[in-house]
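# Survey of secondary and tertiary structure
The chain contents come next:
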Amino acid sequence: MSERIGVAILGSTGSIGASTLDVLQRHPDRFRVAALTAHRDVEALFRQCLTYEPDVAVLADADAAERLRERLRASGRSVEVLAGVAGLEHAATLPEAAYVMAAIVGAAGLLPTLAAARAGKRVLLANKEALVMAGPLFMAAIRQHGAELLPIDSEHNAVFQCLPPDFAHAGLAAVGVRRILLTGSGGPFRTAPLAQLAEVAPEQACAHPNWSMGRKISVDSATMMNKGLEVIEAHWLFEAPTAAIEVVVHPQSVIHSMVEYQDGSVLAQLGNPDMRTPIAHALAWPRRLASGVAFLDFARLGTLEFQAPDLARFPCLRLAFAALEVGGAAPAVLNAANEMAVQAFLDRRIRFTDIAAVVEHVLEQVSVSAAGDLAAILEGDLEARAVAGRWIAAWALEV
Ligand SMILES: NC(=O)c1ccc[n+]([C@@H]2O[C@H](COP(=O)([O-])OP(=O)(O)OC[C@H]3O[C@@H](n4cnc5c(N)ncnc54)[C@H](OP(=O)(O)O)[C@@H]3O)[C@@H](O)[C@H]2O)c1
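Residues numbered from 1 in each chain as written. Predicted model: local features only at pLDDT ≥ 70, side-chain atom pairs only at ≥ 80, totals over all residues.

The next subject is the overall build of the protein chain. In terms of regular secondary structure, the protein chain is built from 17 helices and 11 strands. The C-alpha radius of gyration computed for the protein chain amounts to 21 Å, which stays within 12% of the reference 21 Å derived for 399 residues, consistent with globular compactness. By its C-alpha atoms, the protein chain is 55 × 55 × 45 Å across when sized along the principal axes. Sequence separation of at least 24 residues holds for 69% of the intrachain contacts in the protein chain that already meet a minimum separation of 6. (Helix = DSSP H or I, 4+ residues; strand = E, 2+ residues; numbered from the N terminus. Rg over C-alpha atoms; globule rule 2.2 N^0.38 Å. Contact = placed C-beta atoms within 7 Å.)

Spatially, E9-E8-E10-E11 is the arrangement adopted by the four strands of the open sheet, whose pairing is mixed. Whereas interior strands pair on both sides, the edge strands pair on one side only; in this sheet they are strand E9 (245-249) and strand E11 (266-270). Strand-to-strand twist in this sheet, taken as the mean axis angle between neighbours without regard to direction, amounts to 20°. In this structure, strand E10 (residues 255-261) lies alongside E11, joined through five bridges in antiparallel fashion. Note on E11: the bridge partner recorded for Val-259 is Leu-267. Its contacts with the sheet place helix H7 (residues 154-162) against strand E8 (177-184), E10 and E11, and it is angled at close to 40° to E10. Those strands touched by helix H11 (residues 225-237) are E8 and E9, and its axis lies near 150° from that of E8. (Pairing = 2+ DSSP bridges. Axes fitted to C-alpha atoms, helices over the stretch in contact; angles between N-to-C directions.)

Here the protein chain is partitioned into domain 1 (5-151), domain 2 (154-275 + 303-322) and domain 3 (327-399). When each unit is reduced to the centre of its C-alpha atoms, the spacing between domain 1 and domain 3 is 27 Å. Taken together, the contacts link eight residues of domain 1 with nine residues of domain 3. Class assignment of the residues belonging to the side of domain 1 that touches domain 3 gives a composition of six nonpolar, one polar and one charged. (Domains from an automatic or database assignment. Nonpolar A, V, L, I, M, F, W, Y, C, P; charged D, E, K, R; others polar.)

On to the site of the ligand, then. Among the 27 residues in the neighbourhood of the ligand, the closest are listed as Gly-14, Asp-41, Ala-108, Met-213 and Gly-214. Among the elements that take part in the shell around the ligand, helix H1 (residues 15-24) stands out by supplying three residues, more than any other. In the shell around the ligand, the residues fall into 12 nonpolar, nine polar and six charged. Split by domain, the shell around the ligand shows at least three residues from each of two domains, domain 1 (5-151) and domain 2 (154-275 + 303-322). (Near = placed C-beta within 6 Å.)

See the structure below:
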């Protein structure tokens with residue numbers, strides 16, 4: 001039997017983490033879990049440690065890590081338990097793990113994901129925020145350290161599958177690409193009366209019509225900020241000019257994205273909306289692997305619809321394009337403001353429609369550094385959080 005590939009899963013207790021473990025446990029002859037990490041969910045990580053027996057388990061929260069250490073000791077397991085960003089970076093660079101699933105949500109994923117790139121791993125990138133914040137830096141780290149970057153976002157994974165293998169070396173224009181068409185469902189409020197959006201509750205925003213996901217990305221899908229972040233992600237991932245990236249609303253989420261070529265051909269990747277498909281693709285690339293996903297039944301699919309996005313309904317999409325246009329640390333500022341606003345909405349401190357207002361205010365107030373180095377990015381992130389925090393405190397709803 002050939003040696004099994006070690007996989008580190010950053011964010012293993014989340015939605016992508018669970019889907020990754022589901023795919024891995026279907027192929028115990030090919031993969032083993034080398035490291036698991038989470039923020040502070042001791043119980044979930046403890047259960048995963050019992051099932052998957054990783055070499056290392058990390059909780060970003062130090063107190064939670066101590067509790068996990070005690071639980072594992074009491075159960076007689078010899079898993080090394082680490083804490084903090086240093087622990088996450090350790091898991092991301094573990095020699096026993098050739099593959100790293102980057103599935104921490106938000107800016108917290110940037111440093112560990114960057115560490116995986118610098119360690120020359122195959123990086124399975126779900127944490128789009130890392131690329132949004134630090135696109136040029138991240139792509140340079142991938143190239144300089146001989147790492148492999150495989151997109152997990154279903155849209156980018158679809159585009160990757162529709163591009164020829166040499167696109168990264170030759171460039172999109174040279175391989176004949178005209179446009180990248182990113183599809184998005186439009187989320188749960190695509191047809192809701194605009195006047196009702198101010199009153200929607202977090203539960204409604206998290207009830208995505210097609211995908212089951214973590215709460216933050218679910219809200220991002222409802223505002224379509226998710227699509228905006230994905231435009232920025234596509235820009236860096238595929239070195240695509242902004243003008244060559246178009247968003248298409250496709251409510252059924254069957255076509256995960258498309259690539260249009262100069263000769264008029266459009267290649268699309270289709271499948272049921274289940275993240276195990278892109279995860280299995282990235283684990284097996286350039287081959288294929290069973291994922292457990294149900295196969296498409298074309299006779300039962302019915303109609304596939306397409307629309308242009310409505311920027312009045314989805315101002316966050318417009319703001320993301322604007323931040324990409326400004327460049328430098330602006331996407332990091334946009335991302336940080338959005339993270340703060342989404343959390344405040346989930347905590348019922350602001351309205352759904354305030355999310356875009358917070359992001360717009362922060363983009364206007366923070367003087368964005370044109371530099372794209374890590375210090376400028378982290379500074380922009382911090383300042384954006386401070387400005388967003390003040391806006392939220394001033395306008396917080398009475399609860
Ligand atoms: N879910 C999807 O279908 C989907 C699709 C495409 C892309 N993505 C992207 O994948 C990433 C993960 O999404 P998700 O839906 O899986 O999120 P999720 O369900 O909320 O899970 C987030 C994971 O990150 C961990 N985490 C949170 N804050 C952290 C911190 N400060 N330090 C270390 N770990 C932290 C969480 O640990 P605890 O459990 O301890 O909090 C959890 O393991 C996001 O960037 C998202 O945009 C997700």
